[in-house]
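Architecture and fold: a report
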Amino acid sequence: MVLPKLVTEVPGKKSRELARRLRACESRNVTFVTPDFPVFWERADGGNVWDVDGNCFLDLTSAFGVATAGFGAEHKKRAFAGQSAVLEHGMGDVHPAALKVELCERLAALTFGRWGAGAGKVALGNSGFEAVETALKTALMMTGKRRALAFEGAYHGLGFGSLTVNGWDFFKSPFRAQLADFADFVPFPRSAAELEKLEPLMARILSRGETGVILAEPILGRGGEVVPPDGFLRLLRRLADRHGALLALDEIYTGFFRTGRWFACEHEQVVPDLVCLGKALTGAFPLSACVGRAAVMDAWPESAGEALHTSTFLGHPVGCALALAALEFWADADRQGRVAELAAAWRAVLEPLRSLPAVADVRGRGLLWGVELKQPNAAGALMISGLQRGLILLSAGRDGRVLSLAPGVALTMEEIAFAGGELQRLVMNT
Ligand SMILES: Cc1ncc(COP(=O)(O)O)c(C=O)c1O
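Quantities reported herein were computed from a predicted structural model and do not represent experimental measurements.

Analysis parameters
- Residues numbered from 1 in each chain as written.
- Predicted model: local features only at pLDDT ≥ 70, side-chain atom pairs only at ≥ 80, totals over all residues.
- Heavy atoms only, no water.
- Near = heavy atom within 4 Å.
- Polar contact = N/O pair within 3.5 Å; in protein donor to acceptor, adjacent residues only side chain to side chain.
- Areas by Shrake-Rupley, 256 points an atom, 1.4 Å probe, with all protein chains shown as cover.
- Nonpolar A, V, L, I, M, F, W, Y, C, P; charged D, E, K, R; others polar.
- Pairing = 2+ DSSP bridges.
- Helix = DSSP H or I, 4+ residues; strand = E, 2+ residues; numbered from the N terminus.
- Axes fitted to C-alpha atoms, helices over the stretch in contact; angles between N-to-C directions.
- Contact = heavy atoms within 4.5 Å.
- Buried < 20%, exposed > 50% of the residue type's maximum accessible area, 1.4 Å probe, protein only.

Section: the site of the ligand
Surrounding the ligand, one finds Ser127, Gly128, Phe129, Tyr155, His156, Gly157, Glu217, Asp250, Ile252, Tyr253 and Lys279. One of the backbone nitrogen or oxygen atoms of Phe129 is found 2.9 Å away from an oxygen atom of the ligand. Computed on the free molecule, the ligand has an accessible area of 390 Å², of which 81% lies beneath the protein chains in the complex. In terms of residue class, the shell around the ligand is made up of four nonpolar, four polar and three charged.

In structure tokens, the structure reads:
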């Protein structure tokens, strides 16, 4: 554990030079570059990251919610090194790596098996958005209905299919001319009153009989860490059943103890028909999964030699090894208990921010928190000033108002206290 010191020159000289070179060689839309941003990472350990100038930071984001188990965790190092030494690539849908079998079995058992919902089947992918697109295709195969019902502010990734069900105009507008029209959107509920209004709204859309899938994040993640009122997932389950649609939950962000349970749907004991997984599934490697009830997944035809939905790196052996190691890591009851302790510690340091004049709301569950600020784009400014205080932060919400915190389990109580103090000072100075 290393507590960051106040950084006087950030980004430092080496980061600035790398930013200059990157601007010349990378598509200019990708990396956000200003004189104050970004820093270039060189190494990481636990919850600490060091940049190329030797500055140390506390990562309060688990690097997009991936490194929930912490950086450099032994189980990841072992899986990476061990697997890449014996087989670094397989032929995913033709001659798969043997580990793919074990991972599919374990994922089916962890979800539908553990939920007491019968057999599950798995389709692996690389990025999270691919798992979402697999869910969309599966729903069409199963129901024959072409429309999807999704939520305003939802983030499901940026491939053309996932973009269509993405609730952000920002990402969609430039590409509208090439997006299909198959998604309807309803507001994501923030309160019991909003949940009540949602039911008739959704029922009206669903009663047209064209919707094959209701797609939702159990907690709106990138959309601003919005925790819906209790009963939200049960409502979705009820409506899906009543109207002959599937329920697909996007647990790419919320899965693997991010919210204190294996999956966020377990807080309401709702079993979906399809669940999308990614990010902390491996904790370090681009591998995703769409897991579904076997009867639903069997809507896909048996492969006659040409898979309808696959990709070159599907079932990558290193990714499979990392995912299997992650499943073992999270199966430890002490570790699961640790998440609850850490969640309580975060609540204790974040709740007091609520009394600051700049803050509109503080909310979260487990290791997923949002500090909503009153001013639009204020969170983006804090991402930059946070660097000087040694914090890696992210902004969320469609108007950049929410400071998004998704810390990992490697952070110590001392680091959490440090982060809490620095966040107080940061937000006070906005
Ligand atoms: C809930 C959710 N779904 C899907 C995605 C897309 O995943 P990827 O960026 O790996 O395609 C994300 C990414 O942040 C996400 O948070």
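What about the sheet that holds strand E15 (residues 402-405)?
Strand order in the open sheet made by the four strands is E11-E12-E15-E14, with antiparallel pairing throughout. Only two strands of the sheet have a single partner each, and these edge strands are strand E11 (359-365) and strand E14 (394-396). When the angles between neighbouring strand axes are averaged without regard to direction, this sheet yields 25°. Taken together, the four bridges between strand E12 (residues 368-373) and E15 define a ladder with antiparallel strand orientation. Residue pairing across strands places Val371 opposite Leu403, the latter belonging to E15. Relative to the sheet, helix H13 (residues 378-388) contacts E12, E14 and E15, its axis offset from that of E14 by approximately 175°.

A short note on the pairing of strand E2 (residues 48-51)
The side chains of a regular strand alternate, residue by residue, between the two faces of the sheet. The alternating pattern of E2 places Asn48 and Trp50 and Val49 and Asp51 on opposite faces, both of which are buried. Note that strand E1 (residues 41-45) and E2 share four bridges and pair antiparallel. Bridge pairing links Asp45 to Asn48 in E2. Linkage of E1 to E2, two consecutive antiparallel strands, is achieved through a turn of two residues, within which Gly46 is found at a positive phi near 65°. Direction of pairing for E2 relative to strand E3 (residues 56-59): antiparallel, over a ladder of three bridges. The partner of Val49 across the bridge, within E3, is Phe57.

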